[in-house]
Amino acid sequence: MFKDLPSAPVAQKRPITDTRHGVERSDDYAWLRADNWQEVFQDPSVLDVGIRAYLEAENSYQQAAMADTEDLQKVLFAEMKGRIKEDDSSVPSPDGPFAYGTSFVTGGEQPRFFRIPREGGEEELLLDGDAEAGGAGYFRLSGANHSPDHARMIWGYDDKGSEFFKLRVRDLGSSSDLSDVVENTGGGGAWSPDASGFFYTLLDANHRPSKVYYHALGGKQAEDRLIFEENDPGFFMSVGGSKLNDFIFINIHDHETSEYHLLPAGDPYAEPKLVAARETGVEYDMHEGGDVFYILTNADGAKDFKIVETPVDRPGRKNWREVVPHKPGRLILSHTVFSNHLVRLEREEGLPRIVIRDRNNGEEHSIAFDEDAYSLGLQGSLEYDTDIIRFSYSSMTTPSQQYDYNMRTRERVLLKTQEVPSGHNVDDYITRRIMAPSHDGTLVPVSLLYRKDTALDGSAPCLLYGYGSYGATIPASFNTNCLSLVDRGFIYAIAHIRGGKDKGFAWYEDGKRLNKTNTFLDFIAAAEFLSAEKFTSFDRIVAQGGSAGGMLMGAVANMAPDRFGAIIAAVPFVDVLTTMLDDTLPLTPPEWPEWGNPITSKADYDYIASYSPYDNVSAQAYPPILAVAGLTDPRVTYWEPAKWVAKLRAEKSGDAPVLLKTNMEAGHAGASGRFQRLEEIAFEYAFALKVTDRA
């Protein structure tokens, strides 16, 4: 499997101690965190030379370990690229006199933004992402937002991977940018109705969106007016506009609490008006519906959420009137509003559906499909006064389909089916959903994809993916990349473990804070069930997860290393205790509701310490492990996987390799281009094939 490897890098041990709640911890590898990490995010060249040398040594080691897969990586890349329509284009979305869309050119890495006359006509190129990237090592567009008069467009980009976005304003008549430059933003802006300026969030040095500003076109950023400031570092903040362009929404939230402030979109000098004061554990999200707001909330014990309405001139909670009541087990995920209809996306029994409600008479009907596992996406519409919404559908075997749906006549029109240029025969594959019993008897859904000719006798390798945090649900959607494994005999499995909302809000609650270990035990149970049912065997299972899913990988590697043949951990959040104890890091205070606050609570400290992957590495045999990091990642900082790998290598027994690949020009999302990203996936898949002897 791994033969004739060079000597692995050995990180120096420079122990420091930290005492909290009377408990002393020693950390041998804390020095891998750069003291000037904020500056490194903005300019990677200022990274300490010793740290850089260590990361580059790790990169050289993993390159040597994976050298015999270089040809395979090229083959995998070519396969995955061959399943992408290189000159693909979205179906333009109507808005006023135009319809707006995105497209790619053959060989292009970045999207192009365009528009056409609503009734058809010549395409007008608004922004060429490839031209703007100019061959940069990293370049990511945050999006584009046209003004209400369709004369200008805000667009943003990040050229370091640190997610500090720079905003520009393009004049669509001349196709040139104005002199306005707004730096260090969250990535977008909300226009004023007359298009004379826009609202945006400013990120501070610790990457926190703590201030909302108004920028008047033609002015300098230093002159921008401060609209609102959030002083609690435990909350995120965003700003957006309504479909009718008459309100600006300031949305303040963490992972369990929210608060909105409103101001008239046309008056940047108005004082923002509070809707409902934040109350721990109470969430709400709002959309305008003419003279009322429709609010999705879990207030008053509505664990799986309900929808209320309230007058726009009196939006406070005392005026909330129930429209769609709470129903236990039916989780309302999102909603949007149009002149005659209220639309919601919900999930019940693990499956999504779209429900249309007539605002005039309250009648409802739903859009659903018959497959065992599928994914629905609600795009809605850019326009308020319309009967037409757009949605997408796919399953693990069915390529994505986009539909326009008439909410009044219930007519469904297929606009586009995802093309797979290299070919895809749906009949060659099987998708199933099985239920794996966990440690406490809870049944955990597992979605499967495999070829019809795959032997189900325990010999098939399996890529088992998991996430299980923040209430995120992993959809059973079409994924062309994983076909490169499935077509080589793999079973591709998604474990819908607790910590997500796959089976309702309680599913999330049962996998967070003091229930977090349920997430890990569910994933282990999925592996055990797959083995017991002869889909695969333990030594054939490659576990994969990223970010908080990377924490899952670290935890299960410690808890049940013999249940997995290998581990792939992308940008893994593995030094949980240290990070949650450091309130200067970008995401720490807002993360306390998810994991607990070990600074103030000894119970939280002890519980996190019991599972934090870095703190629980021990002298046992681990399977081969691949960790992937991004140097400028503000979400999971590069030193977490670097420290983890160093400690694993020092503590573990056995000769299974531990590899660390650090992208020195990217952040949390990895490479920025669509094909560059495929190269990273090809590398991870080559590792999976190598460790299962399928390379």
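Thresholds applied
- Residues numbered from 1 in each chain as written.
- Predicted model: local features only at pLDDT ≥ 70, side-chain atom pairs only at ≥ 80, totals over all residues.
- Heavy atoms only, no water.
- Helix = DSSP H or I, 4+ residues; strand = E, 2+ residues; numbered from the N terminus.
- Buried < 20%, exposed > 50% of the residue type's maximum accessible area, 1.4 Å probe, protein only.
- Contact = heavy atoms within 4.5 Å.
- Areas by Shrake-Rupley, 256 points an atom, 1.4 Å probe, with all protein chains shown as cover.
- Lys, Arg positive; Asp, Glu negative; His and termini not counted.
- Charge placed at Lys NZ, Arg CZ, Asp CG, Glu CD.
- Phe/Tyr/Trp six-rings, centres within 6.5 Å; stacked < 30°, edge-to-face > 60°.
- Lys NZ or Arg CZ within 6 Å of the ring centre and 35° of its normal.
- Core = buried A, V, L, I, M, F, W, Y, C linked by side-chain atoms within 4.5 Å.
- Pairing = 2+ DSSP bridges.
- Axes fitted to C-alpha atoms, helices over the stretch in contact; angles between N-to-C directions.
- Salt bridge = Lys/Arg side-chain N within 4 Å of Asp/Glu carboxyl O.
- Parallel < 35°, antiparallel > 145°, perpendicular 65-115°, else oblique.
- Left-handed = near helix turned anticlockwise from the far one by under 90°.
- Nonpolar A, V, L, I, M, F, W, Y, C, P; charged D, E, K, R; others polar.
- Disulfide = S-S within 2.5 Å.
- Polar contact = N/O pair within 3.5 Å; in protein donor to acceptor, adjacent residues only side chain to side chain.

Caption draft 1: How the structure looks around the overall build of the protein chain. Secondary structure assignment for the protein chain yields 13 helices and 38 strands. In the protein chain, which comprises 695 residues, the proportion classed as buried is 57%. Look at the contacts in the protein chain between residues 6 or more apart in sequence, and 56% of them connect residues 24 or more apart. Approximately 26500 Å² of the protein chain is accessible, and the part contributed by carbon and sulfur atoms is 46%. Of the side-chain charges in the protein chain, 70 are positive and 104 negative, and the distance between the mean point of each set is 3 Å.

Caption draft 2: Here's a closer look at the packing of aromatic side chains. Evaluation of the coordinates by the stated rule reveals 31 aromatic pairs. Ring plane angle 65° and centroid distance 5.9 Å describe the contact between Phe 305 and Phe 505, whose orientation is recorded as edge-to-face. With a gap of 200 residues between them, Phe 305 in the loop between β20 (292-297) and β21 (306-311) and Phe 505 in helix α6 (residues 505-509) connect regions that are remote in the sequence. Joined through ring pairs, the aromatic side chains of Phe 247, Phe 249, Tyr 260, Tyr 284, Phe 293 and Trp 320 make up one cluster. The ring of Phe 675 carries Lys 81 above its face, with NZ or CZ at 4.8 Å from the centroid. The cationic tip of Lys 661 hangs over the ring face of Phe 683; the distance from NZ or CZ to the ring centre is 4.1 Å.

Caption draft 3: Fine view of the nonpolar core. The biggest cluster of nonpolar side chains holds 122 residues, and the ones touching the most others in it are Leu 55, Leu 448, Leu 464, Phe 523, Phe 564, Trp 644 and Phe 687. If sequence neighbours within four positions are ignored, Phe 523 has contacts with Leu 464, Tyr 465, Gly 466, Ala 495, Ile 497, Ala 543, Leu 552, Met 553, Val 556 and Phe 564. Within the second largest apolar cluster, 15 residues are counted, among which are Val 343, Ile 356, Phe 391 and Tyr 403.

Caption draft 4: Region of interest: the environment of Ser 89. Mapped onto the elements of the fold, Ser 89 is located in the loop between α3 (70-82) and β3 (93-95). Those residues within four positions of Ser 89 in sequence are excluded, and the remaining contacts are Thr 102, Ser 103, Phe 114 and Lys 416.

Caption draft 5: Quick look at the sheet that holds strand β25 (residues 351-358). Read from one edge of the open sheet, four strands run β23-β24-β25-β26, paired in antiparallel fashion. Looking at which strands have only one partner, the edges of the open sheet turn out to be β23 (330-337) and β26 (364-367). With direction set aside, neighbouring strand axes in the sheet form an average angle of 25°. Relative to β26, β25 is paired through four bridges, and the arrangement is antiparallel. Each residue of the ladder has a partner; that of Ile 356, found in β26, is His 365.

Caption draft 6: Local environment of the pattern of salt bridges. Using the criterion set out here, one finds 45 salt bridges in the structure. The partner of Arg 353 in a salt bridge is Glu 348, and the shortest N-O contact between them spans 2.4 Å. Look at Glu 348 and you get buried, because its relative accessible area is 18%. One salt-bridge network, in which partners are shared between bridges, spans Lys 327, Arg 330, Arg 344, Glu 346, Glu 348, Arg 353, Arg 357 and Glu 364.

Caption draft 7: Highlighting unusual backbone geometry. With phi around 60°, Ala 195 is a residue other than glycine that occupies positive phi space. Here Ala 195 lies in the loop between β11 (190-191) and β12 (197-203). One non-glycine residue, Arg 513, adopts positive backbone phi at about 45°. Here Arg 513 shows up in the loop between α6 and α7 (517-532). Overall, the relative accessible area of 29% leaves Arg 513 in the partly exposed class.

Caption draft 8: Just the packing of α3 against helix α13 (residues 674-691), in detail. Across the interface, α3 lies against α13 with an axial gap of 8 Å and an inter-helix angle of 130°. Here α3 lies oblique to α13, going by the angle between them. As for the relative orientation of α3 and α13, their crossing is right-handed in sense. In this structure, α3 uses Leu 72, Gln 73, Leu 76, Phe 77, Met 80 and Lys 81 to contact α13, whose residues at the interface are Phe 675, Leu 678, Glu 679, Ile 681, Ala 682, Phe 683, Tyr 685, Ala 686 and Leu 689. In terms of residue class, the contact of α3 with α13 is made up of twelve nonpolar, one polar and two charged.

Caption draft 9: Structural context of the packing of α7 against helix α8 (residues 548-559). Viewed as axis vectors pointing N to C, α7 and α8 meet at an angle of 70°, and their least axial separation amounts to 10 Å. When the axes of α7 and α8 are compared, the pair comes out roughly perpendicular. At the point where α7 passes α8, the crossing takes the right-handed sense. Contacts between α7 and α8 involve Thr 519, Phe 520, Leu 521, Phe 523 and Ile 524 from the first element and Met 551, Leu 552, Met 553, Ala 555, Val 556 and Met 559 from the second. Classifying every residue of the contact of α7 with α8 gives ten nonpolar, one polar and no charged.

Caption draft 10: Quick peek at the sheet that holds strand β33 (residues 462-465). A sheet is described by the order of its strands in space; here eight strands give the open sequence β31-β32-β34-β33-β35-β36-β37-β38, paired in mixed fashion. Unpaired on one side and paired on the other, β31 (429-437) and β38 (658-663) mark the two borders of the sheet. The mean angle between the axes of side-by-side strands here comes to 20°, regardless of whether they run parallel or antiparallel. With four bridges joining them, β33 and strand β34 (residues 491-495) adopt parallel strand pairing. Residue Cys 462 lies in a different strand from β34, and its bridge partner there is Ile 491. Across the sheet, α8 is in contact with β35 (541-546) and β36 (566-570); its angle to β35 comes to roughly 140°.

Caption draft 11: Broad picture of the state of the cysteines. For the structure shown, the criterion picks out zero disulfides. You can see Cys 462 has no disulfide; the closest cysteine sulfur is in Cys 482, sitting 11 Å from it. For Cys 482, a relative accessible area of 2% corresponds to the buried category.

Caption draft 12: Up close: the side chain of Asp 158. Counting through the fold element by element, Asp 158 comes out in strand β8 (residues 152-158). Look at Asp 158: it is buried, it has no salt bridge, and the nearest opposite charge is Arg 140 at 5.2 Å. Only 2.9 Å separates the side chain of Asp 158 from the backbone nitrogen of Lys 160, close enough to count as a polar contact. Within the local environment of Asp 158, its side chain forms a polar contact with the backbone nitrogen of Ser 162, the two atoms lying 3.3 Å apart. Not counting residues within four places of it along the chain, the set of residues in contact with Asp 158 comprises Tyr 138, Phe 139, Arg 140, Glu 163, Phe 164 and Phe 165.

Caption draft 13: Layout of the pairing of strand β24 (residues 341-348). Most of β24 is tucked away, with eight of its eight residues classed as buried. On β24, burial covers both faces: His 341, Val 343, Leu 345 and Arg 347 on one face and Leu 342, Arg 344, Glu 346 and Glu 348 on the other are all buried. Here β23 pairs with β24 via seven bridges, running antiparallel. Paired with Ile 332 across the strands is Glu 346, a residue of β24.

Caption draft 14: Quick peek at the pairing of strand β6 (residues 124-128). Alignment of strand β5 (residues 112-117) against β6, held across four bridges, turns out to be antiparallel. Across the sheet, residue Phe 113 finds its bridge partner in β6, namely Leu 127.

Caption draft 15: Structural detail: the environment of Asp 254. By the secondary structure assignment, Asp 254 is in the loop between β16 (247-253) and β17 (258-264). Looking at Asp 254, the relative accessible area reads 11%, which means it is buried. Non-local contacts of Asp 254, meaning those with residues more than four positions away in its chain, are made with Gly 234, Phe 235, Phe 236, Pro 590 and Pro 593. Only 2.8 Å separates the side chain of Asp 254 from the backbone nitrogen of Glu 256, close enough to count as a polar contact. Reaching out from Asp 254, the side chain makes a polar contact with the backbone nitrogen of Thr 257 at a distance of 2.7 Å.

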